[in-house]
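If you want the building blocks of each chain, they are given just below.
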Amino acid sequence: MKYQILLLLLLSAQPIVGQAKKRPKRCHRPEYWCLRALKKAGVPFRSVNLKIVRTPIKLTHGRIGRLILNNGAKRAKPTMDCRTALTLLQTGRIFRANGGINTLIVGKFYSYRYVKNSAS
């Protein structure tokens, strides 16, 4: 009786032949709603291909709406996720309303590299 129960447990734990375990798919599809919103707002950008970023874009004129992005003395043309650009577009209105801020000094938004002494 013990062996029958043990055999039954072992057989029930094995997957059925021909049935592979399904791994969850990682969704890396671009968010087209965000690209459409930026185009509708008149933000000059182009799509780029970057690792890990879901909907990467590069600003072509260094501005988002009326908000100007500078890197030191020159106009920045950063690469970022579309959602970041959309958020900057929305917060630019708040910056102008609360102090007349129309220029941001920025660094790099995206930098894909390995961290020293690690696998990440």
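See the structure printed just above.
What this report covers is the structure whose coordinates are included nearby. (Residues numbered from 1 in each chain as written. Predicted model: local features only at pLDDT ≥ 70, side-chain atom pairs only at ≥ 80, totals over all residues. Heavy atoms only, no water.)

## Quick look at the overall build of the chain
- Helices and strands together make up the secondary structure of the chain, namely three helices and seven strands.
- Going residue by residue from the N terminus, the α and β elements of the chain occur as α-α-β-β-β-β-β-β-α-β.
- For the chain, long-range pairs separated by at least 24 residues make up 50% of all intrachain contacts whose partners lie at least 6 apart in sequence.
- Total accessible area computed for the chain in this model is approximately 9900 Å², and 57% of it derives from carbon and sulfur atoms. (Helix = DSSP H or I, 4+ residues; strand = E, 2+ residues; numbered from the N terminus. Contact = heavy atoms within 4.5 Å. Areas by Shrake-Rupley, 256 points an atom, 1.4 Å probe, with all protein chains shown as cover.)

## Quick notes on the sheet that holds strand S1 (residues 45-47)
- Read across the sheet, three strands follow the order S1-S2-S6 without closing on themselves; strand pairing throughout is antiparallel. Of all strands in the sheet, those bounded by a partner on one side alone are S1 and strand S6 (79-81). The mean angle between the axes of side-by-side strands here comes to 35°, regardless of whether they run parallel or antiparallel.
- Of the strand pairs in this sheet, S1 and strand S2 (residues 56-59) are connected by three bridges, and their pairing is antiparallel. Across the sheet, the residue bridging to Ser-47 is Ile-57, located in S2.
- Running over the sheet, helix H2 (residues 32-41) touches S1 and S2 and is turned about 155° from S1.
- Against the sheet, helix H3 (residues 82-97) contacts S2 and S6, and its axis sits at roughly 90° relative to S6. (Pairing = 2+ DSSP bridges. Axes fitted to C-alpha atoms, helices over the stretch in contact; angles between N-to-C directions.)

## Details of the pairing of strand S4 (residues 67-71)
- The pairing of strand S3 (residues 63-64) with S4 spans two bridges and is antiparallel. Residue pairing in the sheet places Ile-64 in a bridge with Leu-67 of S4.
- Alignment of S4 against strand S7 (residues 103-105), held across three bridges, turns out to be parallel. In the strand pairing of S7, Ile-68 is matched with Thr-103.
- Sheet topology places S4 next to strand S5 (residues 74-75); two bridges connect them, and they run antiparallel. Considered in S5, the bridge of Asn-71 is made with Lys-74.
- Where S4 hands over to S5, the hairpin turn is made up of two residues, of which Gly-72 adopts a positive phi near 75°.

## Some remarks on H3
- The end-to-end C-alpha distance of H3, which contains 16 residues, comes to 24 Å, matching closely the 22 Å that a straight helix rising 1.5 Å per residue would cover.
- When the local axis directions of H3 are compared, the greatest deviation, roughly 30°, occurs at Thr-91.
- Along H3, the positions that sit buried rather than exposed are Cys-82, Ala-85, Leu-86, Leu-88, Leu-89 and Gly-92.
- Looking at the packing, one finds that the buried side of H3 touches H2, S2, S3, S4, S6 and S7.
- Of the residues one or two after H3, Gly-99 is the one with positive phi, at around 130°. (Expected span 1.5 Å × (residues − 1). Bend = angle between axes of the 7 residues up to and from the residue. Buried < 20%, exposed > 50% of the residue type's maximum accessible area, 1.4 Å probe, protein only.)

## Regarding the pairing of S2
- Across three bridges, the pairing between S2 and S6 is antiparallel. What sits directly across from Pro-56, in S6, is Asp-81.

## A short note on the environment of Thr-79
- Along the chain, the position of Thr-79 falls in strand S6.
- Exposure remark for Thr-79: the relative accessible area of 17% places this residue in the buried category.

Take it as geometry only, folks, not as evidence of what the structure does.
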